[in-house]
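# Architecture at a glance
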Amino acid sequence: MTVGRTSAQEYIDQWVPMPVEKAETMVATMYTDPEVFKLEQERLFGGKTWLAIGGLHQLDGPGSYFTTSIAGQPLLIVKDQDDRVRAFFNVCPHRGGMLASDACGSMGRSIQCQYHGWSFGLDGALRTARDFEGVEDFDPDQFGLRALQADTWEQFIFVSFSPDAPPLLEFLGDMPERLERYKIGEKVHAFTQEYEERANWKLVWENAAELYHLPFIHPQLPVAKGTHDEVRGGNYSIGVSGPPESVDGANGTLPYLDVNLFPNFNIVGDDRSFVVAYIVPHAVDRTGWRLDGYAPQNLANDERFKEGYMASTDGVNVQDIPLNESVHRNLQSFGFDQGRLSVRWESQIHHFQNLLMGHLRDGS
Ligand code: FES
Ligand SMILES: [Fe+2]
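Computed from a prediction, not measured in an experiment: that's the story for all the values here. (Residues numbered from 1 in each chain as written. Chains lettered and ligands numbered in written order. Predicted model: local features only at pLDDT ≥ 70, side-chain atom pairs only at ≥ 80, totals over all residues.)

Moving on: the packing of helix α3 (residues 34-45) against helix α10 (residues 347-362). The description of two packed helices rests on the angle between their axes and on the distance between the axes. For the pair α3 and α10, interaxial distance at closest approach is 8 Å and the crossing angle is 95°. With respect to their mutual orientation, α3 and α10 come out roughly perpendicular. Seen from α3, the contacting residues are Leu 39, Arg 43 and Leu 44; seen from α10, they are Leu 356, His 359 and Leu 360. A breakdown of the residues in the contact of α3 with α10 according to their chemical character gives four nonpolar, one polar and one charged. (Axes fitted to C-alpha atoms, helices over the stretch in contact; angles between N-to-C directions. Helix = DSSP H or I, 4+ residues; strand = E, 2+ residues; numbered from the N terminus. Parallel < 35°, antiparallel > 145°, perpendicular 65-115°, else oblique. Contact = placed C-beta atoms within 7 Å. Nonpolar A, V, L, I, M, F, W, Y, C, P; charged D, E, K, R; others polar.)

Listed below in C-alpha cells is the structure:
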C-alpha cells in the first residue's frame, strides 16, 4: 500500500527549484527515510555549511571545554592556550577512546584520553603516547586530534566539518549587518532549556521558522497578533513582526525578530532580550532543541525576569513539541505525500527547502 507516495530518491533526482507561488513542499519521505539522514550527514552537515554548536559562555579560559554531539558526531570544543576556540572529534586517534566524557570542565594544559592516557596539546598535537617504545613507522605528527573548523560570531560558536567551507562571515552574508542595531553582542547568557523531540530535525526547523501557526498553537503570544514582513538572504531569513513587544510582556524599542540561519540556528526576540535555539539533529526521527536566553546583565541576574521568560518559552515549547512529533508520525501515513505553502507566511520554509535540496543535489 504505497499508492501516491514518492520515494525520497525519486524526489531528489527530479527536484527543480520553483517559485514559492508554484512550489510544493518536500515529499514526506524526505523527513522519514533513514537514507536521507545519511545523505544529510554526508552532504549537508558534513558539507560546506557552518553549524551552530553552543555559546561562548560555555567556555572560560585556556583549557576549558564542553562536549556535545551533532548529526551523530561526538565533539569536543576547547579554548586553546591563546584563548582561541578549537573543535575536535571527541575520539582518540589511538583506538577510538573518548577524550572527555563530562559535559564541561577544564583540561588544564593538555587533553588526556581517558582510555590509555595519550595526551595532546590544546592545539590537538600528540604530546605523549604512553609506553609506545618499539612501535615502528609511527609518526606522532600523524596522530594528532582530528580537528574541525571552528569560529565565532557574536557570542556563538560555529563549526564546519568541511575544510572547504567558506569563512563563517562569508557564510553569514549580510545577516550580521541587518542585526547590528539589535546589539546582540551586548547581551549576556541568562538561562538554558533543553528538550528532545521524536521528530525529524527539518520539521523542528520549519516549525520554528514560520509564524503561520501562531494564532492557533500559541494564542498567548503577543506577536501572534502582529503584522509580518521578512527578508531572505543567502543562508538566512529574517521575519519581522509587530507590535514590538517581547514574549515576557515588556517592550523593546525595535520590532520583534525571528531569524533563521540555515541549517540549525534560530534567534527570536527584540533589542531587549532574545533566545537562540540550536537545532541538533541526532537521527532521522530524533532531534535536540536547546534554547539559550540572553538579556542585559541586570535582567540576566534578575530571578523574576528569568523565571517569567523561561515559563513563557517553555509554554511555547510544550505546545510545539507534541505538534512536531504528531506531524512526524503523520508523515509516515500513506495519506500524505506533499503539501503547499502560504506565500505570505511560509516563504522561509520554501527558502530552507531550496537551500537543503541544493546541498543534497550538488553536495555543496
Ligand atoms: S584510545 Fe586513547 S589512549 Fe588509547
Ligand atoms: Fe511554535
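Note that an α-helix has 3.6 residues per turn; residues three or four places apart therefore point the same way. When you tally the buried positions in helix α6 (residues 201-209), you get eight out of nine residues, the bulk of the element. Buried within α6 we find Trp 201, Lys 202, Leu 203, Val 204, Trp 205, Glu 206, Asn 207 and Ala 209. (Buried ≥ 20, exposed ≤ 12 C-beta atoms within 10 Å, placed from the backbone.)

Across the sheet, which stays open at both edges, the seven strands sit in the order β1-β10-β9-β4-β3-β2-β5 with antiparallel pairing between neighbours. A strand with exactly one partner marks an edge of an open sheet, and here the two such strands are β1 (51-55) and β5 (104-106). Put simply, the sheet's adjacent strands are angled 30° from each other on average, direction ignored. Note that strand β3 (residues 73-79) and strand β4 (residues 85-89) share five bridges and pair antiparallel. Note on β4: the bridge partner recorded for Val 78 is Arg 86. (Pairing = 2+ DSSP bridges.)

In many reports, interface size means the accessible area that the parts give up when they come together. Here the protein is described as being made up of domain 1 (51-161) and domain 2 (173-362). Relative placement of domain 1 and domain 2: their C-alpha centres are 31 Å apart. Counting residues at the interface gives eleven residues for domain 1, matched by twelve residues for domain 2. Examining the composition of the side of domain 1 that touches domain 2, we find that three residues originate from one element, β1, more than from any other. Across the side of domain 1 that touches domain 2, the residue classes break down as six nonpolar, four polar and one charged. (Domains from an automatic or database assignment.)

Core analysis: the biggest nonpolar cluster contains 87 residues, and Leu 51, Ile 53, Leu 76, Ile 77, Phe 158, Val 159 and Ile 279 have the highest contact counts within it. Among the elements that take part in this core, strand β16 (residues 274-283) stands out by supplying seven residues, more than any other. Setting aside chain neighbours within four positions, we find Leu 51 in contact with Phe 45, Ile 70, Phe 158, Val 159 and Asn 264. (Core = buried A, V, L, I, M, F, W, Y, C linked by C-beta atoms within 7 Å.)

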